[in-house]
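Single-letter residue listing:
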Amino acid sequence: NEIYPTPLAKYTLAGGYYTPLVYFGKAGSESSTEMAKKIQSLIKEGDSIKDSSSYPPYLQVYAYLYRALAVYMTGEVLKDSTLAQREEAFKYVLTTAAKAPGASDEKYAALTLRARFYYAGLLLLPVPERKADLVALLAPFSQTQLTAMDRTGFFSAMKKRPNDHPHKIMALKLAE
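Residues numbered from 1 in each chain as written. Predicted model: local features only at pLDDT ≥ 70, side-chain atom pairs only at ≥ 80, totals over all residues. Heavy atoms only, no water.

Enquirer: Explain the overall build of the protein chain here, please?
Expert: Within the protein chain one finds nine helices and zero strands. Here the protein chain holds 176 residues, and the buried ones make up 45% of them. Counting every atom, the protein chain has about 9,600 Å² of accessible surface; 56% of that belongs to carbon and sulfur. (Helix = DSSP H or I, 4+ residues; strand = E, 2+ residues; numbered from the N terminus. Buried < 20%, exposed > 50% of the residue type's maximum accessible area, 1.4 Å probe, protein only. Areas by Shrake-Rupley, 256 points an atom, 1.4 Å probe, with all protein chains shown as cover.)

Enquirer: So what exactly am I meant to see when it comes to the nonpolar core here?
Expert: It is characteristic of soluble globular proteins that their nonpolar side chains tend to be buried jointly. By size, the foremost hydrophobic cluster in this structure holds 45 residues, and its most contacted members are L65, F90, V93, F117, Y118, Y119 and L174. Elements supplying a minimum of two residues to this core: helix 1 (7-24), helix 2 (32-48), helix 3 (57-78), helix 4 (83-99), helix 5 (106-124), helix 6 (131-142), helix 8 (154-158) and helix 9 (166-175). Per element, the largest residue contribution to this core is 12 residues, and it comes from helix 3. The contact partners of F90, leaving out residues within four places of it in the chain, are L65, A68, L69, Y72, A115, Y118, Y119 and L122. (Core = buried A, V, L, I, M, F, W, Y, C linked by side-chain atoms within 4.5 Å. Contact = heavy atoms within 4.5 Å.)

Enquirer: I would appreciate a short explanation of the packing of helix 4 against helix 5 in the present structure.
Expert: Two packed helices can be described by the angle between their axes and the distance between those axes. Here helix 4 crosses helix 5 at 165 degrees, and the two axes come no closer than 10 Å. The orientation of helix 4 with respect to helix 5, classified from their angle, is roughly antiparallel. Helix-helix and strand crossings are classified by hand; for helix 4 and helix 5 the assignment is left-handed. Each of L83, R86, E87, F90, K91, V93, L94 and A97 in helix 4 lies in contact with helix 5, whose residues at this interface are Y108, T112, A115, R116, Y118, Y119, L122 and L123. Tallied by class, the residues present in the contact of helix 4 with helix 5 amount to 11 nonpolar, one polar and four charged. (Axes fitted to C-alpha atoms, helices over the stretch in contact; angles between N-to-C directions. Parallel < 35°, antiparallel > 145°, perpendicular 65-115°, else oblique. Left-handed = near helix turned anticlockwise from the far one by under 90°. Nonpolar A, V, L, I, M, F, W, Y, C, P; charged D, E, K, R; others polar.)

Enquirer: Looking at this structure, how should I read the pattern of salt bridges?
Expert: A side chain with one charge may pair with a side chain of the opposite charge, provided their charged atoms come close. The full count for this structure, using the stated rule, is five salt bridges. Across the pair E45 and K10 runs a salt bridge whose closest N-O atoms are separated by 2.6 Å. Residue E45 is found in helix 2, and its partner K10 is found in helix 1; the two are separated by 35 residues along the sequence. What makes K10 buried here is its relative accessible area of 10%. The partner of E76 in a salt bridge is R86, and the shortest N-O contact between them spans 2.8 Å. In this pair, E76 is assigned in helix 3 and R86 in helix 4, connecting sequence segments 10 residues apart. In this structure R86 comes out as buried when scored by relative accessible area, which is 10%. (Salt bridge = Lys/Arg side-chain N within 4 Å of Asp/Glu carboxyl O.)

Enquirer: I keep staring at helix 4 and nothing clicks. Help me out?
Expert: Count 3.6 residues to each turn of an α-helix, and residues three or four apart come out pointing the same way. Taking 1.5 Å of rise per residue, the 17 residues of helix 4 would be expected to cover 24 Å, and the 24 Å separating its terminal C-alpha atoms lies within 8% of that figure. For helix 4, the elements touching its buried residues are helix 3, helix 5 and helix 6. (Expected span 1.5 Å × (residues − 1).)

Enquirer: Just checking my understanding: could you explain the side chain of Q40 for this structure?
Expert: Along the chain, Q40 turns up in helix 2. For Q40, the side chain forms a polar contact with the side chain of D80, separated by 2.9 Å. Dropping the residues within four chain positions of it, Q40 is found in contact with T74, L78 and D80. (Polar contact = N/O pair within 3.5 Å; in protein donor to acceptor, adjacent residues only side chain to side chain.)

Enquirer: Just to check I follow, could you spell out the environment of G75 for this structure?
Expert: One can find G75 in helix 3. Sequence separation between G75 and A36 is 39 residues, and the spatial gap between their C-alpha atoms is 8.4 Å.

Enquirer: Please clarify how the packing of helix 3 against helix 4 should be interpreted in this entry.
Expert: Relative to each other, helix 3 and helix 4 sit at 170 degrees, their axes nearing to 9 Å. Taken as axis vectors, helix 3 and helix 4 run roughly antiparallel relative to one another. Of the residues in helix 4, those in contact with V61, Y64, L65, R67, A68, L69, V71, Y72, G75 and E76 of helix 3 are Q85, R86, A89, F90, Y92, V93, T96 and A97. Along the lines of polarity and charge, the residues of the contact of helix 3 with helix 4 split into 12 nonpolar, three polar and three charged.

Now the structure itself:
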């Protein structure tokens, strides 16, 4: 990042800050609010860099997923964005992935399923009346063989996680 800043670098750094918020519900020695503000700063820095040509389209989509997660987390902590703004970040991941060269590859499928999972989690708690949207977001899960597309191990590892793990809690609620 210091040698050649890119949006991916900024959004990945933001991930280093929002991960403790997800897994531990706290920000280490910093308050959640301070951490969320750092994340927002990294998002703005990443958004201001217009050069994404230094990495392939798949990593660009991955960067946008990191960005969407960062927007989601800061919105939850700071309450300074609307649900529509948070949704837009996830929609951008899905539309960018759909337009990418090789969008039908397994790696894009796994990435978009992951984006759909988090996007559905965003809608799950604050907007229970959007059940139809949740069903539509999650429909591709029933239309695929997940083991063939789970290149990162994200979904297959979820089975092994304890029942109090944030991702497993969300997965079980979405399954309901």
